[in-house]
2 protein chains.
Amino acid sequence: MSALVKPAPKPEAGPQPGAGGRDLATGAEAEAETAAAVPLALGPLEESLGFHLRLAQIEAFDAFFAAFAEDGLQPGLLSVLITIGENPGVRQGVLANALKIKRSHMAKIVQGFDAAGLVDRRVPADDRRAVELTLTPAGRGRVAAAMPKFRTHETLSASRLSAAERRTLLDLLRKLSGG
Amino acid sequence: MSALVKPAPKPEAGPQPGAGGRDLATGAEAEAETAAAVPLALGPLEESLGFHLRLAQIEAFDAFFAAFAEDGLQPGLLSVLITIGENPGVRQGVLANALKIKRSHMAKIVQGFDAAGLVDRRVPADDRRAVELTLTPAGRGRVAAAMPKFRTHETLSASRLSAAERRTLLDLLRKLSGG
DNA sequence: CATGGAATGTTTTCGAGTGGACAAAATTGC
DNA sequence: GCAATTTTGTCCACTCGAAAACATTCCATG
């Protein structure tokens, strides 16, 4: 598949009228589909952590996609690359565990990266079941190239929060997840 | 399909050895797959809102599943039912918009609910494209039955946070999502 | 009113992610 | 040493959700 190599989802002429062409830099939220933004009564959902987590996550995901659209890179995939870079020789299962990605899925992802020449898979001599992962030079380049955009994205996506609020939110999320 | 009527995912004999039988009440986190909980260096991810949102959301999702496994109910589906209940006669598209569910997906969901006899779909006379949704008595019963469990789940899932922290987290999430 | 465009919901098609069975290698117990 | 169990990764079948094309209805403009 090489889910990383698709040369920007669709090389269209420009912002199509119907497609709702994602204003990248402006930060305007631009009324997703159509359907008036009628405020609904959410009842108990209004106070639900899980519900708001989902909302926030979807929004963050969308923002990420908007930022990285041309790279054809997804949040999960980038996190895998980064983590391999930070932990050369990490075991595939350990990686999956830390990133909350299922091992079966991680296998697919790593296959894709391998095929794309971004990671090396080495079978250690002392345990021939395992696979140790390392970034290739190309992989390191890919990560390095993505990092500035990543930082920009992180800043932009929290633009509604003050620095202190962002810090607090991060800490609380970490605490919630048992960090 | 009737994705709501499956009588608990698998009516097995008991907690299978290999299946990892989800201790519901204990709250112990029980080492998901196997793979030692080796702490990895996450580098820039450590400070990433999006990354921690994903982690927290996955965890919340899992907890929800554990709590509602026997009901065969999913977070998104319950949120749809609740919101219809809170807004009788709501338009399908408005609902999709508010819950960040794609319209095409909402169509499927509503079809399922309709087939299960949980919602009524009424085409208003003044706009024959639209569909207005209402809970049937059975639907209201379903929601009412789920609510206590839902509140319990909400409380449990935030057990690592104090009440004040939970409140703060909720407010920050809402602010982040443009509430 | 006729005609082109927009809004609403549906269908179809496809990718992402899961669950479970599996093969190979390691570990343990005898 | 050898069988049983466990760990590690992979494969296959399936579901959830998204993107895009579509049909129908409404609206605007002449």
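Throughout, residues of each chain are indexed from 1 in the direction in which the sequence is written. Chains carry letters and ligands carry numbers; both start at the beginning, A for chains and 1 for ligands, and go up in the order they are written. With pLDDT at 70 or above as the cut-off, local features in this predicted model cover only qualifying residues; side-chain atom pairs require 80 or more to be listed or tallied, and sums for whole chains, interfaces and linings still use all residues. Only heavy atoms go into the side-chain values, all of them from the structure, while hydrogens and water stay out.

With an unreviewed UniProt entry as reference, chain A is termed Winged helix-turn-helix transcriptional regulator, source organism Jiella sonneratiae.

This brings us to the overall build of chain A. Within chain A one finds six helices and three strands. Expressed as a percentage of its 179 residues, the buried residues of chain A come to 40%. Within chain A, residue pairs in contact and separated by at least 24 positions form 51% of the contacts whose partners lie at least 6 positions apart. With residues, only the protein chains shown are counted as cover, and all accessible areas are computed by Shrake-Rupley using a 1.4 Å probe. Total accessible area computed for chain A in this model is approximately 9700 Å², and 56% of it derives from carbon and sulfur atoms. Where helices and strands are cited, they refer to DSSP runs of H or I of at least four residues and of E of at least two residues respectively, numbered from the N terminus. Residue exposure (1.4 Å probe, protein chains only): buried if accessible area is under 20% of the type maximum, exposed if over 50%, otherwise partly exposed. Two residues qualify as a contact provided that any one of their heavy atoms is within 4.5 Å of a heavy atom in the partner residue.

Further remarks concern helix H3 (residues 92-99) of chain A. The complete set of buried residues in H3 of chain A reads Gln92, Val94, Leu95, Ala96 and Leu99 of chain A. Those residues of H3 of chain A that are buried lie in contact with helix H2 (75-86), strand E1 (90-91), helix H4 (103-115) and strand E3 (132-135) of chain A together with helix H1 (49-68) of chain B. Lys100 of chain A sits one or two positions beyond H3 of chain A and adopts a positive phi of about 55°.

With that settled, consider the sheet that holds strand E1 (residues 90-91) of chain B. All names here are of chain B. Whether two strands pair comes down to DSSP finding at least two bridges between them. Sheet architecture is open: three strands sit in the order E1-E3-E2, paired in antiparallel fashion. Where the open sheet ends on each side, the last strands, each with one partner, are E1 and strand E2 (119-122). Pairing of E2 with strand E3 (residues 132-135), which is carried by four bridges, proceeds in the antiparallel orientation. Note on E3: the bridge partner recorded for Arg121 is Leu133. Contacts from helix H2 (residues 75-86) reach E1, E2 and E3, with the element oriented near 95° to E3. Helix axes use the C-alpha atoms of the stretch in contact, all axes being lines fitted to C-alpha atoms, and the angles between their N-to-C directions lie in the range 0 to 180 degrees.

So, on to the relation of the copies chain A and chain B. When chain A is fitted to chain B, the residual RMSD is 0.1 Å, and the transformation amounts to a turn of 180° plus an axial shift of 0.0 Å. Taken together, the turn and the small shift mark the pair as related by a two-fold rotation axis. Identified as the residue of chain A closest to the rotation axis by C-alpha distance is Leu169 of chain A, at 3.1 Å. Both copies share a contact surface, since 100% of the interface residues of chain A are interface residues in chain B too. A least-squares fit on C-alpha atoms brings the copies together, and the residues used are those whose pLDDT is at least 70 in both copies.

Here the focus is the packing of aromatic side chains. The relative placement of two aromatic rings is captured by the distance of their centres and the angle of their planes. Note on aromatic pairs: the rings of Phe, Tyr and Trp (six-membered ring only in Trp) are paired at centre separations within 6.5 Å, and the planes decide the class, stacked below 30 degrees, edge-to-face beyond 60, tilted for the rest. Under the defined criterion, the tally for this structure stands at four aromatic pairs over all chains. On the basis of an interplanar angle of 20° and a centroid distance of 4.4 Å, the ring pair of Phe64 of chain A and Phe68 of chain A is categorised as stacked. Remark: Phe68 of chain A and Phe64 of chain A occur in helix H1 (residues 49-68); sequence separation between them is four residues, near one turn of the helix. The two residues Phe64 of chain A and Phe68 of chain A agree in class, both being buried. Centroid distance Phe61 of chain B to Phe65 of chain B: 5.1 Å. Interplanar angle 90°. Geometry classified as edge-to-face. In this pair, Phe61 of chain B and Phe65 of chain B both sit in helix H1, four residues apart, roughly one turn of the helix. The criterion for a charge sitting over a ring is simple: Lys NZ or Arg CZ within 6 Å of the ring centre, and within 35 degrees of the ring normal. Over the ring of Phe68 of chain A we find Lys149 of chain A, and its NZ or CZ is 6.0 Å from the ring centre.

Take the sheet that holds strand E2 (residues 119-122) of chain A next. Note: strands within a sheet are paired through backbone hydrogen bonds, in either parallel or antiparallel orientation. All names here are of chain A. Strand order in the open sheet made by the three strands is E1-E3-E2, with antiparallel pairing throughout. Each of the sheet's edge strands pairs with one partner strand only, and the pair in question is E1 and E2. Both E1 and E3 contribute to a ladder of two bridges, which runs antiparallel. Residue pairing in the sheet places Arg91 in a bridge with Glu132 of E3.

This paragraph deals with the interface of chain A and chain B. Contact with chain A, which involves 65 residues of that partner, is made by 65 residues of chain B. A quick way to say it: buried area is the sum, across both parts, of accessible area lost when two parts are put together, with a 1.4 Å probe. Both faces considered, chain A and chain B share a buried interface measuring about 6200 Å² in area, 65% of it formed by carbon and sulfur atoms. Basic side-chain nitrogens of Lys or Arg form a salt bridge, by our definition, when they fall within 4 Å of a carboxyl oxygen of Asp or Glu. For the pair chain A and chain B, the number of links is eight salt bridges. Polar contact criterion, stated in full: a pair of N or O atoms within 3.5 Å, where within protein one must be able to donate a hydrogen and the other to accept it, and residues adjacent in sequence count only if both atoms are side-chain atoms. For the interface between chain A and chain B, the tally reads 18 residue pairs in polar contact (both at pLDDT 80 or more). Where the side of chain A that touches chain B is concerned, the elements lending two or more residues are H1, H2, H3, helix H5 (137-157) and helix H6 (163-176) of chain A. If one sorts the elements of the side of chain A that touches chain B by residue count, H1 of chain A sits on top with twelve residues.

Residue placement: Ala158 of chain B occurs in the loop between helix H5 (137-157) and helix H6 (163-176). The buried category is assigned to Ala158 of chain B, whose relative accessible area is 4%. Each C-alpha atom of the pair Ala158 of chain B and Ala60 of chain B lies 9.1 Å from the other, and the pair is 98 residues apart in sequence. Discounting chain neighbours no more than four positions away, the residues touching Ala158 of chain B are Leu49 and Leu176 of chain A together with Arg166 of chain B.

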